[in-house]
2 protein chains.
Amino acid sequence: MDTDRRISIAVVKRLPRYYRYLGELLENDITRISSKELSERMGVTASQIRQDLNNFGGFGQQGYGYNVEYLYNEIGKILGLNNTYKFIIVGVGNLGQALANYTKFEKRGFILKGLFDVNPRLIGMTIRGIEVRDIDEMESFVKENKIDVAFLTLPKSKVRKVAEDLAKWGIKGLWNFSAVDLDLSPDVVVEDVHLSDSLMIMSYNINRKKLKKEAEMKKQNK
Amino acid sequence: MDTDRRISIAVVKRLPRYYRYLGELLENDITRISSKELSERMGVTASQIRQDLNNFGGFGQQGYGYNVEYLYNEIGKILGLNNTYKFIIVGVGNLGQALANYTKFEKRGFILKGLFDVNPRLIGMTIRGIEVRDIDEMESFVKENKIDVAFLTLPKSKVRKVAEDLAKWGIKGLWNFSAVDLDLSPDVVVEDVHLSDSLMIMSYNINRKKLKKEAEMKKQNK
């Protein structure tokens, strides 16, 4: 596999979807699927699927369709899911606690190692057997335990400094839930989940449909 | 404003970011900003900003820059944030509880009205004064209270049926946190937050950097 070639972001963004659909097929004991059938389930064209998978060397045999388990495992490897990532959560408020309690991340190779907060009411509390530590202990913890990834669920005002520190200490990836765009060294992968942006886009689309409906009704009443 | 014209999805996706940055400027008492200065803060080109905002009629005066508060309010209106949306949360597990406790959605016009679950251990519990109800009561509740939006934080296996029911009962928008793509009537806005997909994309990018580094080291050792 040519790992050096740049795959377009659009293709990469579709890979988790393929992985999800193939996982569902496996759960339903479907071992082989044509690009046509897969395309109907996923609501994309069969040629899109063939093109996407050709980026990674194909996997399909003309007329035989895809071997579901093989394709699932290969896409998993492309996504790096055969690795394990040791992660910490910084900010153990409502969202941080919810993420700490979510055990399915482990299926993707993400292993929770530590929890950090500044709030004395939270420090010392345990979630799934892991103690919430004072953020002052984070530097030594990250270095000693060779932490790969941090989930950032901190207030906006605190996140930039924490992210810069973590980058300095050698973190590889930040899953950023704070509504702030982080500007860090290109060595650090930043993946944003800006919930508030997502909510605003939903608001935009609901509003657009409303305005359209109102415009149509006006037209009819003319 | 020409509300009927289709704005490209790429532009729409950038609007919440403008709104966030302008909000930060307002918090820092900055009342006027040039497209050049805004572009430096946001890490996009000034011409991109002018083009984006021209989709909505401009807002800038050559040489005078943008009035921050005016622009903030206008983008807020474009995003439909001058509306209020009554919402319910369906699925009151860890994530549902975290979202229920998150009060900032109200600043965007989203008002929590109800919580629903099937789990008898959760039914009857209250969060921010709102009782968790049995999902069997959802139909009458949605209709009587004219609920606009539902946040879906349900297990994969349950979400499709619930989404179809809500669509039938006249819901306008679904904020979907379940790792399932919903295929509903075009009258219903579906905004997905597929956390697991996001995590996989981070994994892909971390893995890609690792492979690149390994390839470079191999080259050096030759």
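Rules behind the numbers
Residues numbered from 1 in each chain as written. Chains lettered and ligands numbered in written order. Predicted model: local features only at pLDDT ≥ 70, side-chain atom pairs only at ≥ 80, totals over all residues. Heavy atoms only, no water. Pairing = 2+ DSSP bridges. Helix = DSSP H or I, 4+ residues; strand = E, 2+ residues; numbered from the N terminus. Contact = heavy atoms within 4.5 Å. Axes fitted to C-alpha atoms, helices over the stretch in contact; angles between N-to-C directions. Domains from an automatic or database assignment. Buried area = accessible area lost by both parts, 1.4 Å probe. Salt bridge = Lys/Arg side-chain N within 4 Å of Asp/Glu carboxyl O. Polar contact = N/O pair within 3.5 Å; in protein donor to acceptor, adjacent residues only side chain to side chain.

**Notes on the sheet that holds strand β9 (residues 189-192) of chain B**
All names here are of chain B. Spatial ordering of the open sheet is given by β5-β6-β4-β3-β7-β8-β9, a layout of seven strands whose pairing is mixed. The open sheet is flanked by β5 (126-127) and β9, the only strands paired with a single partner. The pairing of strand β8 (residues 173-176) with β9 spans four bridges and is classified as parallel. Residue pairing in the sheet places N176 in a bridge with D192 of β9. Set on the sheet, helix α7 (residues 156-168) makes contact with β3 (85-90), β7 (149-152) and β8; between it and β7 the angle comes to about 180°.

**Thoughts on the domain arrangement of chain A**
How big an interface is tends to be reported as the loss of accessible area on association of its parts. Parsing chain A into structural domains produces domain 1 (9-78) and domain 2 (85-197). The C-alpha-based centres of domain 1 of chain A and domain 2 of chain A are spaced at 32 Å.

**Examining the interface of chain B and chain A**
Contacts between the two partners involve 66 residues from chain B and, on the opposite side, 66 residues from chain A. For the chain B and chain A pair, buried surface summed over both sides reaches about 5,800 Å², with 62% attributable to carbon and sulfur atoms. When the area that chain B buries against chain A is broken down by residue, the three leading residues are B:R20, B:M200 and B:Y204, summing to 12%. Between the two partners, chain B and chain A, sit seven salt bridges. Of the charged contacts in the structure, one is a salt bridge between A:D181 and B:R20, with a shortest N-O distance of 3.3 Å. At the boundary of chain B and chain A, one finds 30 residue pairs in polar contact (both at pLDDT 80 or more). For the side of chain B that touches chain A, the elements supplying multiple residues, two or more each, are α1 (9-27), α4 (68-78), α5 (94-101), β7, α7, β8, β9 and α8 (195-221) of chain B. No other element matches the 18 residues that α8(B) contributes to the side of chain B that touches chain A.

**Comments concerning the pattern of salt bridges**
Taken as a whole and assessed by the stated rule, the structure comprises 25 salt bridges over all chains. With its nearest N and O atoms 2.8 Å apart, the salt bridge here joins A:D52 to A:R14. Taken together, the positions of A:D52 in helix α3 (residues 46-54) and A:R14 in helix α1 (residues 9-27) put the pair 38 residues apart, joining distant regions of the chain. The shortest N-O distance in the salt bridge between B:K168 and B:D165 comes to 3.4 Å.

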